[in-house]
Each structure stands twice: as structure tokens, then as C-alpha cells.
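Examination of the molecular architecture
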Amino acid sequence: MKKRNNPIRLILSYVLLLIIAVVSVYPVLWIFLSSLRPGAALFSERLWPESFTLSHYGELFNNPAFMYGRWYMNTLKIAFFTMIFSTLMVTLGMYALSRFRFRGRKTILSTMLILGMFPSFMSMIAIYIILLQIKLLDTHAALILVYSSGAVLGGFIVKGFFDTIPRSLDEAARIDGASHLRVFTSIILPLSKPMLTYVALTSFTGAWMDFIFARLVLRTKENWTLAVGMWDLVNRYQDSNFTMFAAGAVLIAIPITLLFVFLQRFLVQGLTTGASKG
């Protein structure tokens, strides 16, 4: 009876995986083909266009009313520096909470856990007022500061990863005369490549795709990010430039796709290892 059930279960598993793959790939394929379809309407009776064109991609960079190239560089700069500062702050902070025992440590962990339960947009008004008071409104530095600081609240996975590293390695290095900084740079960091990759990738992706805070903080068109600029394209032109919107969406997805393809192994390893102990 078990031998009869095994082929059936295997077939059902493949069918289910095929359905999931089609559901996941079809919207991506539809957007990509729409970006190559002539005209301005996104609706079409056929998935495969009768003819192809790259004019929408050229219009993104040549249209004087649409500063796509500048927005792309703005977003790349914000995401890159957010990735650097987030990774540095999260790894240093979680290493201290994982390895050191000091007064107020449990309070800090409890506070971080409680604050992480609330959605980030609840603090929008407070952040706006603070940035206004310190004259950082409508600057990229404001977004980098907000994104990097917010990443620390989600660092429990990193702490869990550091907890899995045996303390005997630290103790042996300390006996040999190594400082805490030397232990961190020479022992902890080399063993934490999967977790560092996970933190860097999630930080970059979050800053790259964020719309809410970017729309709140950035006031001038020259400082906009891609998310804000693409929203303005649809909001201003309504339904007349959806094919150009599709072309912009394809270009936005390229960096994220490449990062996930090349770093997928480290991402999965870091996520599963960090979640095994907390």
C-alpha cells in the first residue's frame, strides 16, 4: 500500500510545485513582455506581443520630465550606504548583547522585542518632526540614518547566530592575549559570513524598495528615489504610461535579482542558523 502511495504523492508534489512556479513566474513574465510591447496601454489580449520595442527603456532616460537615471543613482546610493551602516551597527550591537553580560542587558533585549512588534510607519510623524528639527529633511542622509537605525531592532536573528558560536573560541583567544576587538574581527566575523550576507542583503533590499519613508522625507523631485518616482509616473499620467512603468519595474528588479541569485546559498544558511538559537 505504501509503495502505491509513494508515486501518487510524488506526482502530486510535482504538480503542486509546478502550479506554484507558474503563479510566481507569470506576473514577472507579463511585466517583462509588457515593457517590450509597443504603445502605452498595459492591457493586451495576448501575453506574447506581436512586435517588440525597446523605446520604453530609452524614454525612461531621455524624457526630460522623468528623471529615472538620477532616481536610480539616488536609490543605489541610499541602499548601498544603508547596507554598510546597517551591517556594521547590527553586528557590533548584537555581538555585545550576545557575548557580554552587563546591567540592563535584558531590559534592552525586551525593549527591542517590544518595539519590533509595532509597524514602523507608526513613528512617521515623530521621525518627520525630528528630521525637521535637525535640518535633515529632504536629504538622503536622513533616509540612511532611519533605515540603518531601524535595522538594529530586527537583529535578533544575528544575536541567535552569535549565540551558536562556541564561547571556548573567545576564551582561547583571550588567554592568548587577544582583545575583544581582535576576537570580533579575527574569529567572529570570519565565522559569520552567512549572517553578514543575510543582514547586508535584507538591508539593501529594504532601502531599495521602500516607499513610505522616502515619500515622507524627500520633498524635491531631484532627491526622489525610484519608488517615489515610479509612483509619481502612474499618479500623474494615470493609465497612459504603464508600458514605460513596466520597463522601469524591470530595471528596478535587476540588482535585487542578481544579489539573490549569487548570494542565495549564504542567505538561506544565515537565516536558518540564526533562527536555531536565540
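Residues numbered from 1 in each chain as written. Predicted model: local features only at pLDDT ≥ 70, side-chain atom pairs only at ≥ 80, totals over all residues. Heavy atoms only, no water.

A few points about the packing of aromatic side chains
In plain terms, the rule: Two aromatic rings from Phe, Tyr or Trp, using only the six-membered ring of Trp, form a pair when their centres are within 6.5 Å; if the ring planes differ by under 30 degrees the pair is stacked, by over 60 it is edge-to-face, and anything between is tilted. Helix numbers and strand numbers start at the N terminus; a helix is a DSSP run of H or I with at least 4 residues, a strand a run of E with at least 2. Working definition: with a 1.4 Å probe on protein chains only, accessible area under 20% of the residue-type maximum means buried, over 50% means exposed, and in between means partly exposed.
Under the criterion given, the structure shown has 15 aromatic pairs. An angle of 55° between the planes, with centres 4.9 Å apart, marks the rings of Y95 and F184 as tilted. Within this pair, whereas Y95 is found in helix α3 (residues 68-99), its partner F184 is found in helix α9 (residues 180-191), the two being separated by 89 residues in sequence. F184 gets classed as buried once you look at its relative accessible area, which sits at 6%.

Some words on the UniProt feature "transmembrane region" (unreviewed entry) in the chain
Quick reminder of the rule: UniProt positions are given in the numbering used here, feature names are shortened, and annotations may be inferred rather than shown by experiment.
The UniProt entry lists residues 12-33, 78-97, 109-134, 140-158 and 242-263 under the feature "transmembrane region" (unreviewed entry), expressed in the numbering used here. From the first C-alpha to the last, residues 109-134 spans 28 Å; its make-up is 69% helix and 0% strand. The span residues 242-263 shows a helical share of 100% and a strand share of 0%, and its end C-alpha atoms are spaced 32 Å apart.

Description of the pattern of salt bridges
Rules: What counts as a salt bridge is simple: a side-chain nitrogen of Lys or Arg found within 4 Å of a carboxyl oxygen of Asp or Glu.
Enumeration over the complete set of coordinates arrives at two salt bridges. R99 is paired through a salt bridge with D170; the nearest N and O atoms lie 2.7 Å apart. Separated by 71 residues along the polypeptide, R99 in helix α3 and D170 in helix α8 (residues 167-175) bring together distant segments of the chain. Since its relative accessible area comes to 9%, R99 is described here as buried. A relative accessible area of 10% means that D170 is categorised as buried. In this structure, K159 engages D163 in a salt bridge whose closest nitrogen and oxygen atoms are separated by 2.9 Å. Of the two residues, K159 and D163 are both situated in helix α7 (residues 156-164); the distance of four residues between them amounts to about one turn of the helix. Since its relative accessible area comes to 7%, K159 is described here as buried. When its relative accessible area of 16% is taken as the criterion, D163 is described as buried.

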